[in-house]
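Chain by chain, the residues run as shown.
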Amino acid sequence: MNTDFGGLKPSDSVSTIKGIGPKKEKAFNDNGIHTLEDIVYIFPRSYEDRRTLISISDMKVGEEVLVSAKVVSKRSNMFSKTAPLSLIVQDDTGVCEVVFFNGKFLDKLFDIGTYYTFYGKASKNFDRNQLIHPQFAKTGSKDDIRGIVPVYPQLSGISQNEIRRIQRELKPIYQEVEDFIPKSLQESINLASLQYSLENLHFPTDGKKVLSAKYRMVFSELLTLETGLMYIRRGESDSKEAVSFSCEKGEAFANNLDFELTEGQKNAWQSIKTDLESKKKMNRLLQGDVGSGKTVIAEMAMISAASEGYQSVIMAPTELLAKQHLESFKKDFEKYGFKPEILISNMDRSEKKRVIEGLASGEVKVLIATHAVLRENVVFDNLGLVITDEQHRFGVNQRKTLSSKGEAVNVLVMTATPIPRTLAVILYGDLDVSQIRTMPKGRMPVKTSMANSEDRARVYGRVRDELEKGRQAYVVAPLIEDSERIDASSADKLYKELCKDFSDYNVALVHGSMKQEEKDAAMEAFAKGEVSLLVSTVVIEVGINVPNATVMVIENAERFGLAQLHQLRGRVGRGSEESYCFLITDAENEIAVKRAEIMCQTTDGFEIAEEDLKLRGPGEIFGTRQHGLPQMLFADLSRHGDVLEKALESAKQIIKDDPELADPDNEALKRRVKAMFGEEIELAL
């Protein structure tokens, strides 16, 4: 690289800038800024329009104003180091007082009879116009403050003026900062160059140019992100011809149901059918709220596979859910001559051996399983379809392990956790996305209301009313045991309290510290109707189907995220009776109140997920920080979904053409990906 420009280059330390000594260097380093390129990448968060000078007589209190005026006098206490400096300035229309508290040290910067430009908020002192602590510069000097002025993020120990001054000094090296997006891609999508973007973001002269520069930066961040994720997952795609089979029997099954598929189910099935009947391997994410009918779609696909001689497996996150699937699948599959089997850790050894042998011989065509299916000794004879249920409970590697048990196996990923489309593209960028947005006919939305601790007697009165009708109820607490540090109800305390208050009913307790057998026993008793009131922590977030449960009480609702609240509410409203959810909270926190209001206003999980994204940001939702999702400077995933999809498309093409990013045109992008993901990505550099 050319390193003219006073010998400076982007990789140099910030200490190479004139005027930055050890103390200021430490301030930069403490803010995560070590090189000149790091400074170049400190972008403005907004701009101030200082292009129009106004007359002193036109100043309005409270408005930001730009005036040019001559200093006619200055006053300060010569015996005090902390005295204010007061200037009287004037233009052709009037006089203004400019005040700098503790500003005596500024005295030498102002000469009487010289014009200065001031920018600040106008105020009044008696009848005189006043500016307090304005920004200033000698009118016409190189430091003039007029123009469109960038406002940078607040950095501890570094002033706005310092950042602006340094950016001016570094402007010549913008040409030396590596543009990591391949030229061919920039030209094909008409993307601004990095140099153009840096110049127009730091030194804007035109609004359209700023927008073009911002788009470039949003796209480049998202392209880097998606290229990294595509690189990580590059081994998952399979160029071999996939297992394909007719879906005629699956459609016949749907036509013989005692209800009609919703529009959402029909659309989702059409996409899945197209995938399964093609030679292209299916990699599809099926999103749908609790109760939207995803399991029926899974059955249609599995019946189709079995009818064509292929094995299929659905992997559930809990043994209870697997057992529930087995019960419903038995009724549906036996009509077609297939006997679904189950494979879970907690089963008789001889039964487990029989099922594993049946899978190896091809005799078992339909399997419902938990993580137990991932073991090396589980081998399939002719696996054609893999389905994971509640995908967010499984990692990418588990999905990969399961699908690798067959050759070019079709993969369907299902989740009842509605994910904003933008996050779905990031977390499951290698999957096609289908959504079921409609609910079955007759399904009534759960009536949700907010209550405070003073309303608890009324809320539990409603619970008793439902129990007296023969219904069942959930009560959810954020903690297992009481805590001195956290002001919140515990499941243990509530259980003891409700055992007394509802002594005429069976009350059970479920929480994460219990043994699995104890949890399963309590949940099964609730499912069978032997328990009327189940007190729990969030372990029931993904639970079993209990259509008779019509009330959900969530204590200290402020301690749960929107996605969790929605998942918990999804435990009720699964039958034909009207159901209720009560959010008990005394919180006055703005976000907590907003969450509760959103829950009361809508039962649409996708709408709730989008609101959650806006409230919390992508890093906190569904544990995406645990997925290694890097921080974004420019991209806002709640607003830039269209740019994300374009970036994903480009990233897929780049990795398809150059899986190892070994092409010289991709070397800079490879370095950028490594910088974004750090040690979480293995790139041979």
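Every value quoted in this text rests on a predicted model; they were computed, and no experiment measured them.

*Asks:* Would you mind showing me how to read the sheet that holds strand 14 (residues 410-415) here?
*Replies:* Two pairing modes exist for strands in a sheet, parallel and antiparallel, and in both the strands are linked by backbone hydrogen bonds. The seven strands are arranged 11-12-10-13-14-9-15 in an open sheet whose pairing can be described as parallel. Bordering the open sheet on either side are strand 11 (341-343) and strand 15 (432-436), each of which pairs with just one other strand. Within the sheet, the average angular offset between the axes of one strand and its neighbour, ignoring direction, is 20°. Bridge analysis of strand 11 against strand 12 (residues 366-369) gives three bridges, and the strand direction is parallel. From the neighbouring strand, Leu343 faces strand 12, where its bridge partner is Ala369. Most of the contacts of helix 10 (residues 319-333) go to strand 12, to which it runs at about 160°, and overall it touches strand 10 (311-315), strand 11, strand 12 and strand 13 (383-389). Sheet contacts for helix 11 (residues 349-361): strand 10, strand 11 and strand 12; angle to strand 11, the most-contacted strand, approximately 110°.

*Asks:* I keep staring at the pattern of salt bridges and nothing clicks. Help me out?
*Replies:* Side-chain pairing between opposite charges can occur once the charged atoms of the two side chains come close. For the coordinates displayed, the defined rule picks out 28 salt bridges. Measuring nitrogen to oxygen at the nearest pair gives 2.6 Å for the salt bridge that ties Arg50 to Glu48. Members of the salt-bridge network, linked through shared partners, are Asp275, Lys280, Arg284 and Asp432.

*Asks:* Explain the pairing of strand 21 (residues 580-584) to me, please; I cannot follow it from the model alone.
*Replies:* As a general feature of sheets, a regular strand has side chains that alternate between the two faces. Taken across its five residues, strand 21 has five buried, putting it largely inside the fold. Sheet analysis places strand 16 (residues 447-451) next to strand 21, joined by five bridges and oriented parallel. Counted as the bridge partner of Thr448 is Cys581 from strand 21. The sheet contact formed by strand 20 (residues 549-554) and strand 21 spans four bridges and is parallel. Paired with Met552 across the bridge in strand 21 is Cys581.

*Asks:* Explain helix 16 (residues 516-527) to me, please; I cannot follow it from the model alone.
*Replies:* Given 3.6 residues to a turn, an α-helix orients residues that are three or four positions apart in the same direction. Compared with the 16 Å implied by 1.5 Å per residue over twelve residues, the 16 Å span of helix 16 between its first and last C-alpha is a close match. Looking only at helix 16, the buried set comprises Lys519, Asp520, Ala522, Met523, Ala525 and Phe526. Following helix 16 by one or two positions, Gly529 has its phi on the positive side, about 90°.

*Asks:* How should the packing of aromatic side chains be read in this particular structure?
*Replies:* For any pair of aromatic rings, the description rests on two quantities: the centre-to-centre distance and the angle between the ring planes. Taken as a whole and judged by the stated rule, the model has 13 aromatic pairs. Seen from their ring centres, Tyr174 and Phe203 are 6.3 Å apart, and the 35° between their planes marks the pair as tilted. One end of the pair, Tyr174, is in the loop between helix 3 (160-170) and helix 4 (183-188); the other, Phe203, is in the loop between helix 5 (194-202) and helix 6 (207-232), and 29 residues separate them in sequence. A relative accessible area of 22% places Phe203 in the partly exposed class. Counting every residue linked through ring pairs, the aromatic cluster contains Phe100, Phe110, Tyr116, Phe118 and Phe136. One residue, Arg462, lies across the ring of Tyr580, its end atom 4.6 Å from the ring centre.

*Asks:* What is the right way to look at the environment of Ile554 in this model?
*Replies:* If you trace the backbone, Ile554 turns up in strand 20. According to the relative accessible area criterion, Ile554 is buried, its value standing at 0%. A sequence separation of 17 residues divides Ile554 from Thr537, and the C-alpha atoms of the two residues are 9.5 Å apart. Other than its neighbours up to four places away in sequence, Ile554 contacts Val476, Phe560, Leu565, Leu568, Cys581, Phe582, Leu583 and Ile584.

*Asks:* Teacher, can you tell me more about the packing of helix 14 (residues 456-468) against helix 15 (residues 491-501) here?
*Replies:* For any two helices packed against each other, the geometry is given by the interaxial angle and the distance between the axes. Remark: helix 14 packs on helix 15, axes separated minimally by 13 Å, with the N-to-C direction vectors making an angle of 60°. Looking at the two axes, helix 14 sits oblique to helix 15. By crossing handedness, the relation of helix 14 to helix 15 is classed as right-handed. On helix 15, the residues touching Arg456, Tyr460 and Arg464 of helix 14 are Leu494, Glu497, Leu498 and Asp501.

Criteria and thresholds
- Residues numbered from 1 in each chain as written.
- Predicted model: local features only at pLDDT ≥ 70, side-chain atom pairs only at ≥ 80, totals over all residues.
- Heavy atoms only, no water.
- Pairing = 2+ DSSP bridges.
- Helix = DSSP H or I, 4+ residues; strand = E, 2+ residues; numbered from the N terminus.
- Axes fitted to C-alpha atoms, helices over the stretch in contact; angles between N-to-C directions.
- Contact = heavy atoms within 4.5 Å.
- Salt bridge = Lys/Arg side-chain N within 4 Å of Asp/Glu carboxyl O.
- Buried < 20%, exposed > 50% of the residue type's maximum accessible area, 1.4 Å probe, protein only.
- Expected span 1.5 Å × (residues − 1).
- Phe/Tyr/Trp six-rings, centres within 6.5 Å; stacked < 30°, edge-to-face > 60°.
- Lys NZ or Arg CZ within 6 Å of the ring centre and 35° of its normal.
- Parallel < 35°, antiparallel > 145°, perpendicular 65-115°, else oblique.
- Left-handed = near helix turned anticlockwise from the far one by under 90°.

Geometric descriptors of this kind do not, in isolation, establish any biological role.
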